[in-house]
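Letter by letter, the chains look like this.
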Amino acid sequence: MTNKIEQAITDFVRGGDNRDVALLEKVLHKDFRVTNNGFMGKPGITIIDKEKYLQNIRDGVFGGLPRKMAIEQIDASGTIAFVKLRLESSENHFVSYNSLALDTDNEWRLINNLAVVEPKVNPISHT
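Here the structure is a predicted model, which is why all the values come from computation and not from measurement. Residue numbers restart at each chain and count upward from 1, following the sequence in its written direction. Local features are withheld for residues below a pLDDT of 70 in this predicted model, meaning they are given only at 70 or higher, and side-chain atom pairs are given and counted only at 80 or more; totals for whole chains, interfaces and linings count all residues. Side-chain descriptors were evaluated using all non-hydrogen atoms of the structure, hydrogens and water having been removed beforehand.

### Focus: the nonpolar core
One recurring pattern in soluble globular proteins is that nonpolar side chains are buried together.
Argument step 1. Among buried residues, the Ala, Val, Leu, Ile, Met, Phe, Trp, Tyr and Cys ones that are joined through side-chain atoms within 4.5 Å form a nonpolar core. Here the term buried applies to any residue with accessible area under 20% of the maximum for its type, exposed to any over 50%, and partly exposed to those in between, with areas from a 1.4 Å probe on protein chains only. Core analysis: the largest hydrophobic core is formed by 25 residues, its most contacted members being Phe-12, Leu-24, Leu-28, Phe-32, Tyr-53, Leu-100 and Leu-110.
Argument step 2. Breaking this core down by element, the ones donating at least two residues are α1 (2-17), α2 (21-27), β1 (28-37), α3 (50-58), β4 (80-88), β5 (92-102) and β6 (108-119).
Argument step 3. Runs of E in the DSSP output that reach at least two residues are strands. Runs of H or I that reach at least four are helices, and both are numbered from the N terminus. Per-element tally for this core: the top contributor is α1, with five residues.
Argument step 4. Throughout, a residue-residue contact means that at least one pair of heavy atoms, one from each residue, lies within 4.5 Å. Aside from chain neighbours lying at most four places away, what touches Leu-28 is Phe-12, Lys-50, Tyr-53, Leu-54, Arg-109 and Leu-110.

Structure, rendered in structure tokens:
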């Protein structure tokens, strides 16, 4: 079971990195949501539904940068699972808590991605 959960998470991350909407369509539940506090510098909570998320991928707002991925925790119970990830791109650090459910076709789908994204701090230049 854990291998299939890891594969779903990997497909989610790689789908974003490569702006692969077809791969994301396969791994995201129809009711998928991204939840973020302080999204892109805006105060408060932002919730993005699946269609808006995929449109942002298509439009180049999200994705396009390869990220290093480390799965820190998987907790599965029957047909539900939780995965904690740390991600790093050339521009940002991410902590991501992901809820998954085993769908009727026996495939794991992401339901919610709760993320904190922090820009990397550039070293101060001494010129």
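### Observations regarding the side chain of Asn-98
Argument step 1. Along the chain, Asn-98 turns up in strand β5.
Argument step 2. On the basis of relative accessible area, Asn-98 is assigned to the buried category, the value being 0%.
Argument step 3. A distance of 2.9 Å separates polar atoms of two side chains, one belonging to Asn-98 and the other to Ser-96.
Argument step 4. Leaving out residues up to four positions away in the same chain, Asn-98 has contacts with Ile-9, Phe-12, Ala-81, Phe-82, Val-83, Leu-85, Leu-110, Asn-112 and Asn-113. Two N or O atoms form a polar contact when they lie within 3.5 Å of each other; inside protein one atom must be a possible hydrogen donor and the other a possible acceptor, and for residues adjacent in sequence the pair counts only when both atoms belong to side chains.

### Overview of the sheet that holds β5
Argument step 1. The criterion for strand pairing is that DSSP finds at least two bridges linking the strands in question. The strand order across the open sheet formed by six strands is β2-β1-β6-β5-β4-β3, and the pairing between neighbours is mixed. The two strands at the open ends of the sheet, each matched to only one other strand, are β2 (45-49) and β3 (68-77). Mean inter-strand twist for the sheet, computed between neighbouring axes without regard to direction, equals 15 degrees.
Argument step 2. As defined by bridge partners, β1 adjoins β6 across five bridges and the pair is classed as parallel. Note on β6: the bridge partner recorded for Asn-36 is Ala-115.
Argument step 3. Along the sheet, α1 makes contact with β1, β3, β4, β5 and β6, crossing β3 at roughly 140 degrees.
Argument step 4. Sitting on the sheet, α3 is in contact with β1 and β2, with an inclination near 75 degrees to β1. Axes here refer to lines fitted to C-alpha atoms; in helices the fit is confined to the stretch in contact. Angles between the N-to-C directions go from 0 to 180 degrees.

### Side note on the pattern of salt bridges
Pairing between side chains of opposite charge can happen when their charged atoms approach one another.
Argument step 1. The rule for a salt bridge is simple: a side-chain nitrogen of Lys or Arg has to be within 4 Å of a carboxyl oxygen of Asp or Glu. This model, assessed by the stated rule, comprises ten salt bridges.
Argument step 2. Between Lys-84 and Glu-72 there is a salt bridge, with the nearest N and O atoms lying 3.3 Å from each other. Of this pair, Lys-84 sits in strand β4 while Glu-72 sits in strand β3, placing them twelve residues apart in sequence.
Argument step 3. For Glu-72, a relative accessible area of 42% gives the class partly exposed.
Argument step 4. One salt bridge connects Arg-86 with Glu-72, and the closest N-O pair in it is separated by 2.7 Å. Remark: Glu-72 occurs in strand β3 and Arg-86 occurs in strand β4; sequence separation between them is 14 residues.
Argument step 5. What makes Arg-86 partly exposed here is its relative accessible area of 40%.
Argument step 6. Via salt bridges that share partners, Arg-14, Asp-17 and Arg-67 belong to a single interconnected network.

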